[in-house]
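Structure assessment
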Amino acid sequence: MTDTTLSRPKAGGTALPVLGTISVCHLLNDLIQSLLPAIYPILKGGFDLSFAQIGLLTLTYQITASLLQPIIGLATDRRPAPYSLTIGMGASLVGLVTLAFAPNYAALLIGATLLGFGSSVFHPEASRIARLASGGAHGLAQSLFQVGGNAGSALGPLLAAYIILPRGQESLSWFALAALGGMALLTGIGRWYARSDHARPARRGAAVRHPGLTRGQVNRALAVLMVLILSKYVYLACLTSYYTFFLMERFAMAPDSAQLCLFVFLAAVAAGTIIGGPVGDRIGRKTVIWISILGILPFTLLLPHVGLTATVALSAVIGLALASAFPAIIVYAQELMPGRVGMVSGLFFGLAFGIGGMAAAGLGVLADWKGIGFVFQACSVVPLLGLFAALLPNVSPHKDSCPP
């Protein structure tokens, strides 16, 4: 990618080449991250790991990927680091190679830590780049950015099934080529960012929060958004982790047919991610958040009790609506704290990682205890938390909310 490919950022104009590039990099990043759980069968057999050790690998990755994101975001809010994205992808590359040639369990933990660190650097800074390149269409930019991650997360297990699992642990190193490609693209992005007027330390006295809101209002709104993220990712964890088991138990489906139904759901999630941002730009982000979370309640309540065709259709509607919430939530939170775009992005991406992982583990315990059908019935009421959206203040973008 050359300097002529990515034009200098212009006020009022959306830098589509930059948005496209950062979305592709998000795809590569999340593809690499998704390879770790995809190779658990190889690692378990090759190292004679217990399920507890597998769980510790996941916990190590999740903690690193979740907890560091807001810290790194806050640091780069204060002192932008245009080439930190390249460094983060480099950490993922080293983590990938470490996992590929790990001689023991300790090395596996180091590889998982490096993967988590790479992800924690990538998400807050890449979200900032998407906002900077948006030309004011912040929701559209977030949607384009996030759909790349969705695609990468979906591709990772598929590629692992066809490339890594048949060939063994060392073939994981082949994906270092994807990381190298990401580093090359992100170096071009860093060069573009370094030339912009925003790649400089924050001004002293610059607005940290929305000027129309008090500190208390901002804090309450952020707390409400965290509750809504909890609602969204608990229900998503239910479907992404256990939908195939639910279909096989309730309708006696074959595993391959159940996987096809899961693909329909994941495709709807990808579509919802694309739709949520630009719709929020048009009708308001609070409206999108309200509809996408509380609005799915009738569908989630029905899903455990209907036939197969209706179940697949309802899951698609739920995936489409629920996924549209995240771009709207991210941009709404960024508008609450325009001087802390990196920290806010890191906080909410970190929450999404953490809540999703913990919810999947907790629901698995519940499924062992009470059955998979009970899990779906219990989770069907989770969207009631969308009522908290009524407490969100009406936030309008202002001139200080555009810069990262």
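The rules behind these values
- Residues numbered from 1 in each chain as written.
- Predicted model: local features only at pLDDT ≥ 70, side-chain atom pairs only at ≥ 80, totals over all residues.
- Heavy atoms only, no water.
- Helix = DSSP H or I, 4+ residues; strand = E, 2+ residues; numbered from the N terminus.
- Buried < 20%, exposed > 50% of the residue type's maximum accessible area, 1.4 Å probe, protein only.
- Contact = heavy atoms within 4.5 Å.
- Areas by Shrake-Rupley, 256 points an atom, 1.4 Å probe, with all protein chains shown as cover.
- Arc of directions from axis to C-beta.
- Core = buried A, V, L, I, M, F, W, Y, C linked by side-chain atoms within 4.5 Å.
- Salt bridge = Lys/Arg side-chain N within 4 Å of Asp/Glu carboxyl O.
- Phe/Tyr/Trp six-rings, centres within 6.5 Å; stacked < 30°, edge-to-face > 60°.
- Lys NZ or Arg CZ within 6 Å of the ring centre and 35° of its normal.
- Polar contact = N/O pair within 3.5 Å; in protein donor to acceptor, adjacent residues only side chain to side chain.
- Expected span 1.5 Å × (residues − 1).
- Patch = residues over 30% accessible without salt bridge, like charges linked within 9 Å, V, L, I, M, F, W, Y side chains within 5 Å.
- Axes fitted to C-alpha atoms, helices over the stretch in contact; angles between N-to-C directions.
- Parallel < 35°, antiparallel > 145°, perpendicular 65-115°, else oblique.
- Left-handed = near helix turned anticlockwise from the far one by under 90°.
- Nonpolar A, V, L, I, M, F, W, Y, C, P; charged D, E, K, R; others polar.
- pLDDT = per-residue confidence, 0-100.

**A short note on the overall build of the protein chain**
Secondary structure summary: the protein chain contains 15 helices and zero strands in total. The buried share of the protein chain, taken over its 404 residues, is 54%. In the protein chain, the share of contacts with a sequence separation of at least 24, taken over all contacts with a separation of at least 6, comes to 84%. Looking at the protein chain as shown, the accessible area adds up to about 16,700 Å², and 68% of this sits on carbon and sulfur atoms.

**What to know about helix α2 (residues 40-47)**
Buried within α2 we find Tyr40, Ile42 and Leu43. On an axial view of α2, the arc spanned by its buried residues comes to 160°, and they lie on one face. The outward face of α2, more than 90 degrees from its buried face, is lined by the exposed residues Pro41 and Gly45.

**Here we look at the nonpolar core**
One finds Leu225 and Ile289 to be the most contacted residues of the largest nonpolar core, which totals 113 residues. Excluding residues within four positions of it along the chain, Leu225 makes contact with Ile289, Ile329, Tyr332, Ala333, Leu336, Phe348 and Leu392.

**Examining the pattern of salt bridges**
This model, assessed by the stated rule, comprises two salt bridges. The residue Arg128 makes a salt bridge to Glu125 at a minimum N-O spacing of 2.7 Å. Here Arg128 pairs with Glu125, and both are found in helix α5 (residues 105-132), just three residues apart, close to one helical turn. Neither residue differs from the other here; Arg128 and Glu125 are each classed as buried. Linking Glu335 and Arg285 is a salt bridge whose minimum nitrogen-to-oxygen distance equals 3.0 Å. You can see Glu335 sitting in helix α13 (residues 325-336) and its partner Arg285 sitting in helix α10 (residues 285-294), a full 50 residues away along the chain.

**Quick look at the environment of Leu27**
If you trace the backbone, Leu27 turns up in helix α1 (residues 16-38). Taking C-alpha positions, Leu27 is 7.4 Å from Ser153, a pair spaced 126 residues apart along the chain. Residues contacting Leu27, with those up to four places away along its chain left out, are Gly148, Gly149, Ala151, Gly152 and Leu155.

**As for the packing of aromatic side chains**
Counted under the stated rule, the structure contains five aromatic pairs. Measuring from centroid to centroid gives 5.7 Å for Tyr233 and Phe326, while their planes differ by 85°, and the two rings are edge-to-face. On the criterion of sequence distance, the pair formed by Tyr233 in helix α8 (residues 215-251) and Phe326 in helix α13 is long-range, its members being 93 residues apart. On the numbers, 6.3 Å between centres and 55° between planes, the contact of Tyr243 with Phe265 is tilted. Here Phe265 lies in helix α9 (residues 255-283) and Tyr243 lies in helix α8, a separation of 22 residues in the sequence. No difference in accessibility class separates Tyr243 from Phe265, as the two residues are buried. Over the ring of Tyr233 we find Lys232, and its NZ or CZ is 4.9 Å from the ring centre. The ring centre of Trp369 lies 5.3 Å from the NZ or CZ of Lys370, which sits over that ring.

**Details of the side chain of Glu335**
The exposure class of Glu335 is buried, given its relative accessible area of 1%. A polar contact of 3.0 Å, which involves the side chain of Glu335, links it to the side chain of Arg285.

**Section: α8**
The terminal C-alpha atoms of α8 lie 51 Å apart, and with 37 residues this matches the ideal 54 Å at 1.5 Å per residue to within 8%. With its phi angle positive at about 55°, Ala252 sits one or two positions after the end of α8.

**Some details on a nonpolar patch on the surface**
Nonpolar side chains collect at one region of the surface, where Trp290, Ile291, Leu301, Val381, Leu384 and Leu387 lie side by side and expose about 520 Å² of accessible area between them. With respect to the element layout, Leu301 can be found in helix α11 (residues 297-302).

**Describing the packing of helix α4 (residues 84-100) against α5**
At a minimum axis separation of 7 Å, α4 and α5 run at an interaxial angle of 155°. Between α4 and α5, the angle is such that the two are roughly antiparallel. Taken as a pair, α4 and α5 cross one another with a handedness that is left-handed. In terms of residue class, the contact of α4 with α5 is made up of 16 nonpolar, eight polar and one charged.

**Some thoughts on the environment of Leu19**
You can see Leu19 is positioned in helix α1. Expressed as a C-alpha distance, the spacing of Leu19 and Arg131, which sit 112 residues apart in the sequence, is 9.0 Å.

**Some words on the confidence of the model for the protein chain**
Overall, the prediction assigns the protein chain a mean pLDDT of 82, with 90% of residues at 70 or greater. Helix α14 (residues 341-370) is the least confidently modelled element of the protein chain, averaging 78 in pLDDT, while α11 averages 95, the highest of any element. Per-residue pLDDT stays below 50 along residues 1-12; that stretch engages in 24 contacts with residues further than four places along the chain or on separate chains. For residues 398-404, every residue scores under 50 in pLDDT, and the model assigns this stretch 21 contacts once sequence neighbours within four places are set aside.

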